[in-house]
Number of protein chains: 2
Amino acid sequence: MSMTTLLLAAPLAVSLSAQSAPRQEASLTAAEVIAAATSDEWRDLDQENALYLYLPAGRVVVELAPEFAPRHVESVKALVRGGYFDGGAVQRSQDNYVVQWATRPLEDGEQLPTPGASPLPPEFEVPAEGLGFTAMPDADVYAPEVGFVRGFPAGRDPEVGVAWMIHCYGVVGVARANDPTSGDGSALYAVIGQSPRHLDRNLAMVGRVVAGMEHLSTLPRGTEALGFYASDDEWVVISRARIGSDMAPGERDQLQLLRTESDSFRELVMLDRSRHDDWFVYPSDRIGVCNARLPTRQKPSP
Amino acid sequence: MSMTTLLLAAPLAVSLSAQSAPRQEASLTAAEVIAAATSDEWRDLDQENALYLYLPAGRVVVELAPEFAPRHVESVKALVRGGYFDGGAVQRSQDNYVVQWATRPLEDGEQLPTPGASPLPPEFEVPAEGLGFTAMPDADVYAPEVGFVRGFPAGRDPEVGVAWMIHCYGVVGVARANDPTSGDGSALYAVIGQSPRHLDRNLAMVGRVVAGMEHLSTLPRGTEALGFYASDDEWVVISRARIGSDMAPGERDQLQLLRTESDSFRELVMLDRSRHDDWFVYPSDRIGVCNARLPTRQKPSP
C-alpha cells in the first residue's frame, strides 16, 4: 500500500465533485447534501458587513455580525473606513489560542475618531428574542443551549433570555483590557485553536473568518508572553483593510454561505453527527457546536 | 491607551514569574499553583517513549503512549529505529484539522519491517481497569466520562469498561485506510484545530506533542483535497527522527510534565474552570477536557 493512500477521514473537507463510495446505507453523503442544497438555501456574503484584510500571504475575509455587537461592528467599520487598519499589523500569534491585530500606531496625541474612541457598551450578550436560532442536537459543556444564528455559532440561555457568539475556531472578537468598556474595536483577535469557551460572554464578538483563515492560522507564533511578537520587526503588516461594499465589484469575494436556517444545513449536521461511511467503525452519534461544518462556495454564474 | 495594552486574557499562557494582581478572592493564580507544585508532582519525560522529529523549522517532541496502543507504539519506534522516518515528510496540512506525515517513500518491492508491516490489531480502545484516570469535573458532549491518563486526554465508558485517547489539540494518531487494521505506524497525524472528537475510538492513538507543536501547526496548508500538498516539492521533509533514549543525553529535551494525577493539577483545573481574575466578568464555571492546561517545564538543575 502506498503511503499516500493512508487517509484520515476528513469530515470538514468538502469536495463537491467527490465520487461517493459504495455504502451499506442509502443515505446521502455530506458532499451530496451540499450539492443538493437549493439556491435559496445559499445566501450571498453581505458586502456591507464583509471586512477584507490584506496580509502578505493573502486576503482574509471576515463576515461581521452586527446582531451580536452592533456598536462594536459600527466602530470597526468606521476605523476601517477611516484608514486606521491600513498599516496596522498582526502583533500576536499564540499557538492553540488566538492571533490578534490592531490599527496602525497612533501619533502622539492622536485619538481614534468617534465612535471608535468613545467608550462602547460591553455588548457581550444580546437579547435572544427575535434572533433566530438553529439549535444543535446535543448538549454542550458550557452553555444551556447552543446553535447557530445566521451562520454564527451561538449560545443561548432561555432562563435569562440572552444569546452570545461562541468562541469557535475562526470567530473574531474585540480585544480589551480589564475594564469591560475598554474594547474600542482597534484591536481584534481570531481563534486559531481549540475553542476557548471560557471567554464566552466576556468579549464583544464581531464576526467570523469566512475565507483566508489559513493566512492567520499559519502565522509564526510569537515568543513573548501571550504569543506577542518579540519586536515590531516581526509584526505581520496589514497593507490595507476594506469593507466589501466600498470595493469594486470585481475585487469582492463572490462567496456564498449555506444558510444555517436551511433544511440542508440541519441534514448536514445530523449526517456528520452519525458517520456511517465505510471508514468509520464507531459513529459518535454526537456533535459539538464548534465541530459543525459551515459550507461556503463561490457564487455560481447566473 | 496604547494598543498593545489591549490584552485578551490568556489562560493557557504560563508565566511563572507573573506578579499576581490584586484580587477580591485570596485564591492562588494558576501560575502560583504551578510554581507551588512539589518536585514529585512533576515527572521527567520518558525518553524511551519520546519521539523527536526534526523539521526545517525546528524539533517536535511527541510523548508516546504505550498504554493506549502498545503494538502501534512498538511499530512506530521500530520504524524510527530502522531509519524509515529519516527523509520522510509532512505531506498534508489541513486547516482546523490535522497535519500528517509519513516514512520515506519505499523502493519498488521494499516492505516495511516487522512489526510495522504486519497487520496490527485496531487498538482503538483499551480496558479501562488499572489505567488510572483523573476525571474532569464537567460532563462532555461525546463521552460518558472524560479525564486524563498519565498526561493524555482520555474518554472512558464505565458500562463497557473501556478507555481511549481523545482527539484534543496536539494528540498524535496512526492514519489508516478503510480497513481498521491498515494503520501500520508509517503515517501519523497530529490535531491542529478544534478537537475532531468524531474520530475518537476510530484510530490508534499513539501520543501527544509536548514540545515544538508550533512547527507543525504553522505549516502551510495544502491546497489539494484533505489538505494534501499539491506536489512532492511542497512536502516538509523530516531530516531525521529519533527515540530519546537513543540520543546523547545532551541532545534530549529535559522536559518535565506536571502529573495529571497530582493535587496541583486538580487544583489548576478547578481554578481555570472558575476564573475570577480581574479581567473576567463572567466565569464559565465549566471546563472541557480539551481546554485543560497541561503544564511543562525544563527540569530544574539539581
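Each value, and the rule that gives it
Residues numbered from 1 in each chain as written. Chains lettered and ligands numbered in written order. Predicted model: local features only at pLDDT ≥ 70, side-chain atom pairs only at ≥ 80, totals over all residues. Heavy atoms only, no water. Contact = heavy atoms within 4.5 Å. Buried area = accessible area lost by both parts, 1.4 Å probe. Salt bridge = Lys/Arg side-chain N within 4 Å of Asp/Glu carboxyl O. Polar contact = N/O pair within 3.5 Å; in protein donor to acceptor, adjacent residues only side chain to side chain. Helix = DSSP H or I, 4+ residues; strand = E, 2+ residues; numbered from the N terminus. Nonpolar A, V, L, I, M, F, W, Y, C, P; charged D, E, K, R; others polar. Core = buried A, V, L, I, M, F, W, Y, C linked by side-chain atoms within 4.5 Å. Buried < 20%, exposed > 50% of the residue type's maximum accessible area, 1.4 Å probe, protein only. Phe/Tyr/Trp six-rings, centres within 6.5 Å; stacked < 30°, edge-to-face > 60°. pLDDT = per-residue confidence, 0-100. Pairing = 2+ DSSP bridges.

A.B. asks: What's the story with the interface of chain B and chain A in this structure? I'm lost.
C.D. replies: Interface extent is often summarised as the accessible area lost during association of the parts. Listed as interface residues are 73 residues of chain B and, on the opposing side, 73 residues of chain A. Around 6100 Å² of area is buried between chain B and chain A when both sides are counted, 61% of it from carbon and sulfur atoms. Between chain B and chain A we count zero salt bridges in total. Our count for the chain B to chain A interface comes out at 21 residue pairs in polar contact (both at pLDDT 80 or more). Mapped onto the side of chain B that touches chain A, the elements with two or more residues apiece are strand E4 (88-93), strand E5 (98-102), strand E12 (187-191) and helix H3 (214-217) of chain B. The biggest single contributor to the side of chain B that touches chain A is E5(B), with three residues. Residue composition of the side of chain B that touches chain A, by class: 39 nonpolar, 20 polar and 14 charged.

A.B. asks: Help me understand the nonpolar core in this model?
C.D. replies: Soluble globular proteins tend to pack their nonpolar side chains together in the buried interior. Counting 90 residues, the largest nonpolar core has Phe68(A), Met136(A), Phe68(B) and Met136(B) as its most contacted members. Apart from the residues lying within four places of it in its own chain, the contact partners of Met136(B) are Val146(B), Gly147(B), Phe148(B), Val269(B), Ile287(B), Gly288(B), Val289(B) and Ala292(B).

A.B. asks: Sorry if this is basic, but what is going on with the packing of aromatic side chains here?
C.D. replies: The description of two aromatic rings rests on the distance between their centres and on the angle between their planes. Residue and element names in this part refer to chain A. On inspection of all chains with the given rule, the structure shows six aromatic pairs over all chains. Centre to centre, the rings of tryptophan 279 and phenylalanine 280 are 4.9 Å apart; their planes meet at 80°, and the pair counts as edge-to-face. Residue classification places tryptophan 279 among the buried positions, given a relative accessible area of 5%. Judged by its relative accessible area of 9%, phenylalanine 280 is buried.

A.B. asks: Could you clarify how one ought to interpret the environment of Ser118(B) in this entry?
C.D. replies: For Ser118(B), the position within the fold is in the loop between E5 and strand E6 (126-127). Considered as a pair, Ser118(B) and Pro158(B) are 40 residues apart in the sequence and their alpha carbons are 32 Å apart.

A.B. asks: Help me understand the confidence of the model for chain A, please; the structure alone is not making it clear to me.
C.D. replies: Where the model shows low pLDDT, its predicted coordinates should not be examined in detail. Residue and element names in this part refer to chain A. Mean pLDDT over chain A works out to 91, with 90% of the residues at or above the 70 mark. Here residues 1-5 scores under 50 on pLDDT; set against residues more than four positions off or in separate chains, the count is eleven contacts. Across residues 10-25, confidence stays below pLDDT 50; counting only partners more than four residues off in sequence or on other chains, it has 29 contacts. The complex prediction reports pTM at 0.93, with the ipTM value standing at 0.92.

A.B. asks: Just to check I follow, could you spell out the pairing of strand E3 (residues 58-64) of chain A for this structure?
C.D. replies: Each regular strand displays side chains that alternate between the two surfaces of the sheet. Residues and elements named next belong to chain A. Within E3, six of the seven residues are buried, which leaves it mostly tucked inside the rest of the structure. Direction of pairing for strand E2 (residues 50-55) relative to E3: antiparallel, over a ladder of six bridges. Paired with tyrosine 54 across the bridge in E3 is arginine 59. Taking the residues that link successive antiparallel strands as the turn, the E2-E3 hairpin has two residues. In the sheet, E3 pairs with strand E13 (residues 205-211) via four bridges, with the strands oriented antiparallel. Residue pairing in the sheet places glutamate 63 in a bridge with arginine 208 of E13.

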